[in-house]
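# Fold and geometry: a report
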Amino acid sequence: MVADNPGTLRWLISCDESGVGGAAYYGFGSLWMSWQRRGDFAREFRLLTERHGYEYECKWNKCHNRSHLEFFLDVVDFFFDRPWLAFHCLIVRKGMVDKSLHGGDFDLARRKHFAMLLTSKIRQVMRNRPNREHTFRIWVDPIASRYAKADEAVEVISNNVLGQVFGGVRPVDKVITHDSKDTPSIQVCDLLLGAVMDAWQQKSQSETKTIIQQ
């Protein structure tokens, strides 16, 4: 007999951002897994680093070092080989942002776009399984913002948006800032987002040629 209440689905979303300097595009990435899988992820990622003897932070801007290329290729395979992982990102062309829609504040616009990525995907998950309760814990690398409580602002904005759609529920449990150096899931998000961003910034092709020629 199936229980009427199948329980709450708990999710962990690890996030990073890229291109917040003077680049033509900026973007936000999110790596998804069930909350119960976080231990599996950390353990398997640690085994991967140990097998390759990799002792540094896993970041996109480090993967062009040929001596570590096999490690980064295995990290990509690690992601695609696990059906319980998912990655989503949002890329924004900076020149198309109308600051007048955000009180003339480009910083606020970026935070809204980050919240937009989160709420769009969370809304989709909740609609796909309307008979289940959901909670979402969000880990973020320090957000590039002059606002000291940018993580709290994203939590409030996201819950307000989702509450309007789902009758006042507040599914975002917490948005917590984590140092990426100590958070492998954010590191993998950085790697995947960096690959996408470099394609949009039209840097990947030239850098790939450089690696091949070395």
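Residues numbered from 1 in each chain as written. Predicted model: local features only at pLDDT ≥ 70, side-chain atom pairs only at ≥ 80, totals over all residues. Heavy atoms only, no water.

On to the sheet that holds strand β1 (residues 8–18), then. An order of β3-β2-β1-β4-β5 is seen for the five strands of this open sheet, with the pairing classed as mixed. Strand pairing shows two members of the sheet lacking a second neighbour, β3 (86–93) and β5 (172–177), which therefore form its edges. Averaged over all adjacent pairs, the angle separating strand axes in this sheet is 20°, with direction ignored. Strand direction decides the pairing type here: strand β2 (residues 25–34) and β3, joined by eight bridges, are antiparallel. Within the sheet, the bridge partner assigned to Gly 29 lies in β3 and is Cys 89. The strands that helix α5 (residues 184–200) touches are β1, β2, β3 and β4 (133–140); relative to β2, the one it contacts most, it runs at about 140°. (Pairing = 2+ DSSP bridges. Helix = DSSP H or I, 4+ residues; strand = E, 2+ residues; numbered from the N terminus. Axes fitted to C-alpha atoms, helices over the stretch in contact; angles between N-to-C directions. Contact = heavy atoms within 4.5 Å.)

Take the packing of aromatic side chains next. For the coordinates displayed, the defined rule picks out 15 aromatic pairs. A ring pair is formed by Trp 11 and Trp 32, whose centres lie 6.0 Å apart and whose planes are at 65°; its orientation type is edge-to-face. Placement of the pair is Trp 11 in strand β1 and Trp 32 in strand β2, with a sequence separation of 21 residues. This pair shows no difference in class: Trp 11 is buried, exactly as Trp 32 is. Through a chain of ring-to-ring contacts, the aromatic side chains of Phe 41, Phe 45, Tyr 54, Tyr 56, Phe 71, Phe 72 and Phe 78 assemble into a single cluster. (Phe/Tyr/Trp six-rings, centres within 6.5 Å; stacked < 30°, edge-to-face > 60°. Buried < 20%, exposed > 50% of the residue type's maximum accessible area, 1.4 Å probe, protein only.)

What follows concerns the pairing of β4. On a regular strand, each side chain points to the face opposite its neighbour's, so the side chains alternate between the two faces of the sheet. Here eight bridges tie β1 to β4, and the two strands are oriented parallel to one another. Paired with Cys 15 across the strands is Val 140, a residue of β4. Two strands pair when backbone bridges link them, and β4 and β5 are joined in this way by five bridges, in the parallel orientation. Directly across from Arg 137, in β5, lies its bridge partner Lys 174.

What follows concerns α5. Here α5 is 17 residues long and its end C-alpha atoms lie 25 Å apart, about the 24 Å a rise of 1.5 Å per residue gives. Most of α5 sits out of view: 12 of its 17 residues are buried. Turning to α5, its buried residues are Ser 185, Ile 186, Gln 187, Val 188, Cys 189, Asp 190, Leu 191, Leu 192, Leu 193, Gly 194, Met 197 and Asp 198. Count one or two residues on from α5 and you reach Gln 202, which has phi positive near 60°. (Expected span 1.5 Å × (residues − 1).)

It is worth spelling out the side chain of Asp 190 at this point. Looking at where Asp 190 falls in the secondary structure, it is placed in helix α5. A residue is classified by how much of its surface remains accessible, and Asp 190, at 13% relative accessible area, is buried. A polar side-chain atom of Asp 190 sits 2.8 Å from the main-chain amide nitrogen of Trp 60. If we ignore the near neighbours within four places in the chain, the residues touching Asp 190 are Asp 16, Lys 59 and Trp 60. (Polar contact = N/O pair within 3.5 Å; in protein donor to acceptor, adjacent residues only side chain to side chain.)

Extensive coverage of β2 is indicated by the burial of nine of its 10 residues. Here β1 pairs with β2 via eight bridges, running antiparallel. Each residue of the ladder has a partner; that of Asp 16, found in β2, is Gly 29. As consecutive antiparallel partners, β1 and β2 are separated by six residues, and within that stretch Gly 19 has a phi angle of approximately 75°, a positive value.

Attention now goes to empty space enclosed by the protein. Summed over the entire model, instances satisfying the criterion amount to two cavities of 30 Å³ or more. Taken as a whole, the largest cavity spans an internal volume of roughly 50 Å³. Along its surface, the largest cavity is lined by Cys 15, Asp 16, Glu 17, Phe 28, Phe 114, Val 140, Asp 141, Pro 142 and Ile 143. Of all the elements, β1 adds the most residues to the lining of the largest cavity, at three residues. Here the residues of the lining of the largest cavity sort into six nonpolar, no polar and three charged. (1 Å grid on protein atoms, 1.4 Å probe; cavity = no way out; pocket = protein on both sides within 12 Å on 5 of 7 lines; lining within 4 Å. Points joined across faces, edges and corners; volume = space filled by probe spheres on them. Nonpolar A, V, L, I, M, F, W, Y, C, P; charged D, E, K, R; others polar.)

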